[in-house]
Amino acid sequence: MERLDKVISNLGYGSRKEVKIMAKKGLIEVDGVIVKDNGMAVDPEKSMIKINGEEITYRKYIYLIMNKPDGVISATCDNREETVIDLLEVEHQVFEPFPVGRLDKDTVGLLLLTNDGELNHRLLSPKWHVDKVYFAKIDKKVTEDDVEAFRKGITLDDGYVCKEAKLEILSATEEGSEVYVTIQEGKFHQVKRMFEAVDKKVVYLQRIKFGGIELDTDLEEGEYRELTEDELAILKLN
Ligand code: URA
């Protein structure tokens, strides 16, 4: 059971103070009865709540897709740095979402956020082999030898041997290269460290795909939206 004002407020129908005023005015109905006590205990999954005669739809989880900008950290809170949660509207923050995995502060692109702990766990578990695809700019010429090394499994600086990764060269000159990298793991700074292992540096990193979901190019950096039903279904197939 939860407080009526908390349930209504969390669904984006105003602050708790506003809900109190609405209740006083007799605008809130629970299971067909006008309720003036804003602190009343309700079961949001079972009770039918109406505001001004209109039924509100309760939901427990939210699923967001963000085009993460540079300079923002993938944490829920931080005393000094701006976080991806700071970029959300209050109506989404009240669901207490968290990022599904992490992107580095200077990595941009597709970041999912949800408060669905079970899905989050599944998507990040090494057992499920969720593909993550990155577009990267590299400081040197990427070669077929690098493609082969990524396929065989790169050994990182700490001795960890990465699983097979797909490296696709889009362009390659002595001045620099552009590539796609597909990995299924999510070790700390993984893509950057994989390139360091072949003596190269990532100068730009953008995630463009995660578990079958593609970065929405209509989203400017820093923008986000809710996942569509279709996208959510794809994600849950992972
Ligand atoms: N690999 C990295 O090095 N950084 C990221 O943010 C994601 C993958």
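Residues numbered from 1 in each chain as written. Predicted model: local features only at pLDDT ≥ 70, side-chain atom pairs only at ≥ 80, totals over all residues. Heavy atoms only, no water.

- Going by an unreviewed UniProt entry, the protein carries the name Pseudouridine synthase and comes from Clostridium cibarium.
- For the protein, the Sequence similarities (unreviewed entry) comment in UniProt is given as "Belongs to the pseudouridine synthase RsuA family." (UniProt positions renumbered as here; feature names shortened; annotations may be inferred.)

**Let's talk about the packing of aromatic side chains**
Moving on, step 1. For the structure on display, the rule yields four aromatic pairs.
Moving on, step 2. Where Phe-135 meets Tyr-180, the ring centres are 6.2 Å apart and the plane angle is 70 degrees; that geometry is what we call edge-to-face. Here Phe-135, found in strand 10 (residues 132-138), pairs with Tyr-180, found in strand 12 (residues 176-183); they are 45 residues apart in sequence, far enough to count as distant.
Moving on, step 3. With relative accessibility at 30%, the residue Tyr-180 sits in the partly exposed group.
Moving on, step 4. Geometrically, the ring pair formed by Phe-150 and Phe-195 is tilted, given 4.9 Å between the ring centres and 50 degrees between the ring planes. Taken together, the residues Phe-150 in helix 5 (residues 144-152) and Phe-195 in helix 6 (residues 190-197) connect sequence positions 45 residues apart. (Phe/Tyr/Trp six-rings, centres within 6.5 Å; stacked < 30°, edge-to-face > 60°. Helix = DSSP H or I, 4+ residues; strand = E, 2+ residues; numbered from the N terminus. Buried < 20%, exposed > 50% of the residue type's maximum accessible area, 1.4 Å probe, protein only.)

**Digging into the UniProt feature "domain: RNA-binding S4" (unreviewed entry) in the protein**
Moving on, step 1. Taken from the UniProt record, the annotation "domain: RNA-binding S4" (unreviewed entry) applies to residues 2-62.
Moving on, step 2. The span residues 2-62 carries 26% helix and 23% strand; its end-to-end C-alpha distance comes to 18 Å.

**Side note on the nonpolar core**
Moving on, step 1. Ile-49, Phe-150 and Phe-195 are the most contacted members of the largest nonpolar core, which has 46 residues in total.
Moving on, step 2. Membership of the second largest hydrophobic core comes to 15 residues, among which are Tyr-63, Val-130, Leu-232 and Leu-235. (Core = buried A, V, L, I, M, F, W, Y, C linked by side-chain atoms within 4.5 Å.)

**Side note on the site of the ligand**
Moving on, step 1. The local shell around the ligand consists of Leu-103, Asp-104, Thr-107, Tyr-134, His-189, Gln-190, Val-191, Lys-192 and Leu-205.
Moving on, step 2. Here Asp-104 contributes a side-chain N or O atom positioned 2.7 Å from a nitrogen atom of the ligand.
Moving on, step 3. Measuring from an oxygen atom of the ligand, one finds a side-chain N or O atom of Thr-107 at 2.9 Å.
Moving on, step 4. In this structure, the ligand is accommodated by the largest pocket.
Moving on, step 5. Take the shell around the ligand: its biggest share by element is three residues, from helix 6.
Moving on, step 6. Tallied by class, residues from the shell around the ligand come to four nonpolar, three polar and two charged. (Near = heavy atom within 4 Å. Polar contact = N/O pair within 3.5 Å; in protein donor to acceptor, adjacent residues only side chain to side chain. 1 Å grid on protein atoms, 1.4 Å probe; cavity = no way out; pocket = protein on both sides within 12 Å on 5 of 7 lines; lining within 4 Å. Sits in = over half its atoms within 2 Å of the grid points. Nonpolar A, V, L, I, M, F, W, Y, C, P; charged D, E, K, R; others polar.)

**Overview of the sheet that holds strand 3 (residues 33-34)**
Moving on, step 1. One open sheet holds the four strands; their spatial order is 3-2-5-6, and the pairing between them is antiparallel. A strand with exactly one partner marks an edge of an open sheet, and here the two such strands are strand 3 and strand 6 (54-55).
Moving on, step 2. Pairing analysis gives two bridges linking strand 5 (residues 49-51) to strand 6, with the strands arranged antiparallel. Looking across to strand 6, one finds that Lys-50 is bridged to Glu-55. (Pairing = 2+ DSSP bridges.)

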